[in-house]
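Coordinates in review
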Amino acid sequence: MDTVLYIFSGLLLIAIILPLIRNDYWVFRIFEFPRYQKWWITGILMVATIVYLFYTNDVWMTRVFAGQMGIFVYLSYQIFPFTPFAPRHLKGNKDPEKPNIRFVVSNVYQYNRKHHKLIGEVTRFDSDVMVFVETDDWWKDRLKEALDEKFPNQILCPIDNTYGMLLFTKLPIKSYDLRYLIKDGIPSIRCVLEHECCDITFYAVHPEPPVPNENPRSTARDKELAKVAEEVRELDCPVVVAGDLNDVAWSYTTENFVEQSGLFDPRRGRGMYSTFHANYPLLRWPLDHVFCSSHFKLNRMRCLRNSGSDHLPIYVDLAVES
């Protein structure tokens, strides 16, 4: 029993220390993702250690327990901003008469063929803007067939490398740029949407994840987010940035993005809203995001139901302040 507790406590300590090392190699970055899971594992280890100490007087195990308590407090401090008990980063809207704009962000999983299920789910709400990533020509054809009538304004970039991106909107598109900020084959969209009360600058992004089979380093992802943050910081108009960032809401990269861009994260003070992995609720973290400027307040935010992808779609309804 004591050996098992020592081993798992040691592994937990490694999983805590690695993300603190500011290295962009995937081994260091990937352990940022399961912060909530580490919190639960720490709690379970503490209970097991208390039971063990009840029957023994192991001095070293007492020290291990003290270390577990320190880790538990540290993780509690880290996840607190993403609980309903923390102050809300983006204020809620209290005026139902304010005009609004509604977004759906969905990573469809390119090899998913349950298009009817996904389309049925994302159209349950009367959205104004829909962004789909991991979309190839097959997905473009299915989504256009289903959405053309209600979403006539479109920016389509289907690619079969899991980085295709499609934008459908009911709002007039005043201008747009389809860009490759860091690498060829990894697009992002910047457009200006004509809302009834103001023009809204909208960014759709889907940078590379730091995983061995794609890119073992997070450099490209971090640079893309930093470039978008730099652009947004110079704007003095309503801005929304949305997409699958391949990064969790609490990583230092995302925190730096929020700080540098001046945007607000509607998750903070409300909950995790974890979207990946859709098929494993206990191994799920927030990878899909919608950030907005101070020109908005939140009406509603929710994760939608599993629709065949490895990501849950996310829906955000924002009230427009100006």
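All of the points below concern the structure found in this document. (Residues numbered from 1 in each chain as written. Predicted model: local features only at pLDDT ≥ 70, side-chain atom pairs only at ≥ 80, totals over all residues. Heavy atoms only, no water.)

1. Some words on the packing of aromatic side chains
All told, the structure shown has 14 aromatic pairs when counted by the stated rule. Here the aromatic cluster, defined as three or more aromatic residues joined through ring pairs, consists of Tyr36, Trp39, Trp40 and Phe72. The ring centre of Tyr252 lies 3.8 Å from the NZ or CZ of Arg22, which sits over that ring. Its end group placed over the ring of Trp60, Arg63 keeps NZ or CZ at 4.6 Å from the ring centre. (Phe/Tyr/Trp six-rings, centres within 6.5 Å; stacked < 30°, edge-to-face > 60°. Lys NZ or Arg CZ within 6 Å of the ring centre and 35° of its normal.)

2. Comments concerning the sheet that holds strand S3 (residues 153-157)
Strand order in this open sheet of 6 strands is S3-S4-S2-S1-S11-S10, and the pairing throughout is mixed. Because the sheet does not close on itself, it has two edges, and the strands there are S3 and strand S10 (296-303). Averaged over all neighbouring strand pairs, the angle between strand axes comes to 10°, with direction disregarded. Inspection of the sheet shows strand S1 (residues 100-107) paired to strand S2 (residues 129-133) by 5 bridges, in the parallel sense. Residue pairing for S2: Val104 is matched across the bridge by Met130. (Pairing = 2+ DSSP bridges. Helix = DSSP H or I, 4+ residues; strand = E, 2+ residues; numbered from the N terminus. Axes fitted to C-alpha atoms, helices over the stretch in contact; angles between N-to-C directions.)

3. Quick look at the side chain of Arg284
Tracing the sequence through the fold places Arg284 in the loop between helix H8 (252-261) and strand S9 (288-292). Put simply, Arg284 is tucked away with no salt bridge, and the nearest opposite charge, on Asp288, sits 9.5 Å away. Only 2.6 Å separates the side chain of Arg284 from the backbone oxygen of Ala278, close enough to count as a polar contact. (Buried < 20%, exposed > 50% of the residue type's maximum accessible area, 1.4 Å probe, protein only. Lys, Arg positive; Asp, Glu negative; His and termini not counted. Salt bridge = Lys/Arg side-chain N within 4 Å of Asp/Glu carboxyl O. Polar contact = N/O pair within 3.5 Å; in protein donor to acceptor, adjacent residues only side chain to side chain.)

4. Topic: the pattern of salt bridges
Tallied over the full model, the rule gives 23 salt bridges. Between Asp136 and Arg113 there is a salt bridge, with its nearest N and O atoms 4.0 Å apart. Pair noted here: Asp136 is in the loop between S2 and helix H6 (137-147) and Arg113 is in the loop between S1 and helix H5 (115-122), with a separation of 23 residues, a long-range link. Each member of the salt-bridge network shares a partner with another, and the members are Arg29, Glu32, Arg221, Asp222 and Asp247.

5. Quick look at the side chain of Thr135
Position of Thr135 relative to the elements: it lies in the loop between S2 and H6. Accessibility expressed as a relative area gives 0% for Thr135, which makes it buried. Here Met165 takes part through its backbone nitrogen, which lies 3.3 Å from a polar atom of the side chain of Thr135. Ignoring anything within four residues of it in the chain, the contact list for Thr135 reads Val108, Leu143, Cys157, Pro158, Ile159, Gly164, Met165 and Leu166. (Contact = heavy atoms within 4.5 Å.)

6. Focus on the nonpolar core
Ile101, Val129, Leu167, Phe202, Val240, Phe296 and Leu318 are the most contacted members of the largest nonpolar core, which totals 29 residues. No other element matches the 4 residues that strand S11 (residues 314-320) contributes to this core. Sequence-distant contacts of Phe202, that is, excluding residues within four places in its chain, are made with Phe103, Val129, Val131, Leu167, Ile189, Arg190, Cys191, Leu193, Val240 and Ala242. Grouped together as the second largest cluster of nonpolar side chains are 20 residues, Leu45, Tyr52, Ala249 and Trp250 included. (Core = buried A, V, L, I, M, F, W, Y, C linked by side-chain atoms within 4.5 Å.)

7. Description of the sheet that holds strand S7 (residues 199-205)
Taken together, the 5 strands give an open sheet; going across it, the order is S5-S6-S7-S8-S9, and neighbouring strands pair in mixed fashion. In the strand order of this sheet, the two ends are held by strand S5 (173-179) and S9, each with one partner. Strand-to-strand twist of the sheet, defined as the mean angle between neighbouring strand axes without regard to direction, takes the value 10°. Relative to strand S6 (residues 188-194), S5 runs antiparallel, the two sharing 6 bridges. Opposite Leu178, over in S6, you have Ile189 as the bridge partner. Most of the contacts of helix H7 (residues 219-233) go to S7, to which it runs at about 170°, and overall it touches S5, S6, S7 and strand S8 (239-244).

8. A few points about the state of the cysteines
Applying the stated criterion to the full structure yields 0 disulfides. Free of any disulfide, Cys157 has its nearest neighbouring cysteine sulfur in Cys191, separated by 13 Å. Assessed through its relative accessible area of 6%, Cys157 is described here as buried. Counting only cysteine sulfurs, Cys237 is the nearest neighbor of Cys191, a cysteine outside any disulfide, at a range of 12 Å. (Disulfide = S-S within 2.5 Å.)

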